[in-house]
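Coordinates in review
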Amino acid sequence: MGSSSAPPTKTSSVSSTWQRSALGYKERFVDDFYFNNIRVRQFPCRAVFEKALCDAFGSSFASDDHLASTKSCYDDEVDNDRVPDTAFTVWESSVILGMYASRKDVWKRLIGTRKLQSSGPIVTLELGSGTGVASLLVATSEVVWESNCHCQVVMTDLPSTINFTRLNVHANIDKMPENAQVVTQPLRWGRIEDIQALPQDISRPDIIFGADLLYTCDESVICALAETVILLTGRVAVFAVCKLHRPQSITFFLSLVKSCFDIRHVAVSTAHVDLMASDEDFGLIELWRKKNCDDIVTLSY
């Protein structure tokens, strides 16, 4: 997407700004977030985001193709979406995930030597992308800039949120190499029709990403996430979680997927040399697809 053959020089070093909990309201929920050369917009909630778009582009904006195009096929999504506003702000786990996955040794292990040496594209797909921080850190990373492979970085979220994700993608286009293609796609968890609607070239990604998705007490949401992970993951899924939110939800999710995946826990304190993350507060989980688990699994929820 970018025009240069080398990654852009970082304008500032990694700082502690990725740690959000101690920040004031404006810094945490309103101000733009700058990190490792990416910049993402933030809003306290979806209503504020849509108002900002209307203020910038006119009152008819919310009813035209910019916002309405993704709603016509998903008319029931708004009523069923109980936790939409969490998508509009940066969460620490997304930074941890993006920095971990874009480490050269981790990237090579996740993708696999055979894939890296092939001529086929590398496809990553993030569930619940929100601000897009995790995937943007991957798309603008040195491992992608230096790769000989075409990389498709897919970012998905609810239809009511995906336009916000697209906004942040467009703000960082100039930071991405020519061999990187970012795709944004509505995807509701547990909806087979949404999975079937994915373009064929991204429907079986090499890596699934997810950051801070396991915080809800609604078990039906976690079941829907687990079913989507089982259906989509071809090789490995990597999740960054905050243990402070709802550890019971993490345990429940893992109980749903353990029959299809070998589970590997990674100490967050080792995630990246530039991050000082606490193993008590955060976790990294790799789900490696078991060789004999290719059957479609439907969970009851």
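Quick look at the structure, then. (Residues numbered from 1 in each chain as written. Predicted model: local features only at pLDDT ≥ 70, side-chain atom pairs only at ≥ 80, totals over all residues. Heavy atoms only, no water.)

1. Concerning the overall build of the protein
When helices and strands are counted, the protein shows 13 helices and nine strands. Sorting the 301 residues of the protein into buried and exposed places 53% on the buried side. For the protein, the computed accessible surface area is about 13800 Å², with 51% contributed by carbon and sulfur atoms. (Helix = DSSP H or I, 4+ residues; strand = E, 2+ residues; numbered from the N terminus. Buried < 20%, exposed > 50% of the residue type's maximum accessible area, 1.4 Å probe, protein only. Areas by Shrake-Rupley, 256 points an atom, 1.4 Å probe, with all protein chains shown as cover.)

2. A few points about the environment of A237
Of note, A237 is situated in strand β7 (residues 236–242). Of the residues examined, A237 reaches a relative accessible area of 0% and is grouped as buried. Placed 113 residues apart in sequence, A237 and T124 show a C-alpha to C-alpha distance of 9.5 Å. Beyond its immediate chain neighbours, meaning those up to four positions away, A237 contacts I208, V229, I285, E286 and L287. (Contact = heavy atoms within 4.5 Å.)

3. Quick notes on the nonpolar core
Across soluble globular proteins, nonpolar side chains have a tendency to be buried as a group. If you look at the biggest cluster of nonpolar residues, it comprises 48 residues, and the most contacted ones within it are V95 and I96. If near-sequence neighbours (up to four positions away) are discounted, V95 is found in contact with W18, F33, F35, V90, V133, L137 and L275. Counting residues in hydrophobic clusters, the runner-up holds 33 residues, among them L125, L213, A226 and V229. (Core = buried A, V, L, I, M, F, W, Y, C linked by side-chain atoms within 4.5 Å.)

4. What about unusual backbone geometry?
A positive phi angle, close to 50 degrees, is found at N36, a residue other than glycine. Secondary-structure assignment places N36 in the loop between β1 (33–35) and β2 (38–40). With a relative accessible area of 16%, N36 lands in the buried category. We note that D212 has phi near 55 degrees; this positive angle belongs to a residue other than glycine.

5. Remarks on the pattern of salt bridges
Within the structure shown, the criterion is met by 12 salt bridges. Through salt bridges with shared partners, a single ionic network connects R188, R191, E193 and D194. (Salt bridge = Lys/Arg side-chain N within 4 Å of Asp/Glu carboxyl O.)

6. Considering the packing of helix α12 (residues 219–232) against helix α13 (residues 247–257)
Close contact between α12 and α13 brings their axes to 9 Å; oriented N to C, the two are set at 40 degrees. As far as their axial angle goes, α13 and α12 are oblique. As for the relative orientation of α12 and α13, their crossing is right-handed in sense. Two secondary-structure elements touch here, α12 through E219, I222, C223, L225, A226, V229 and I230 and α13 through S249, F252, F253, L256 and V257. Of the residues assigned to the contact of α12 with α13, the class counts are 10 nonpolar, one polar and one charged. (Axes fitted to C-alpha atoms, helices over the stretch in contact; angles between N-to-C directions. Parallel < 35°, antiparallel > 145°, perpendicular 65-115°, else oblique. Left-handed = near helix turned anticlockwise from the far one by under 90°. Nonpolar A, V, L, I, M, F, W, Y, C, P; charged D, E, K, R; others polar.)

7. Let's talk about helix α5 (residues 92–101)
Most of α5 sits inside the fold, with 10 of its 10 residues counted as buried. Within α5 the residues assigned to the buried category are E92, S93, S94, V95, I96, L97, G98, M99, Y100 and A101.

These results come straight from atomic positions and should not be treated as a statement about function.
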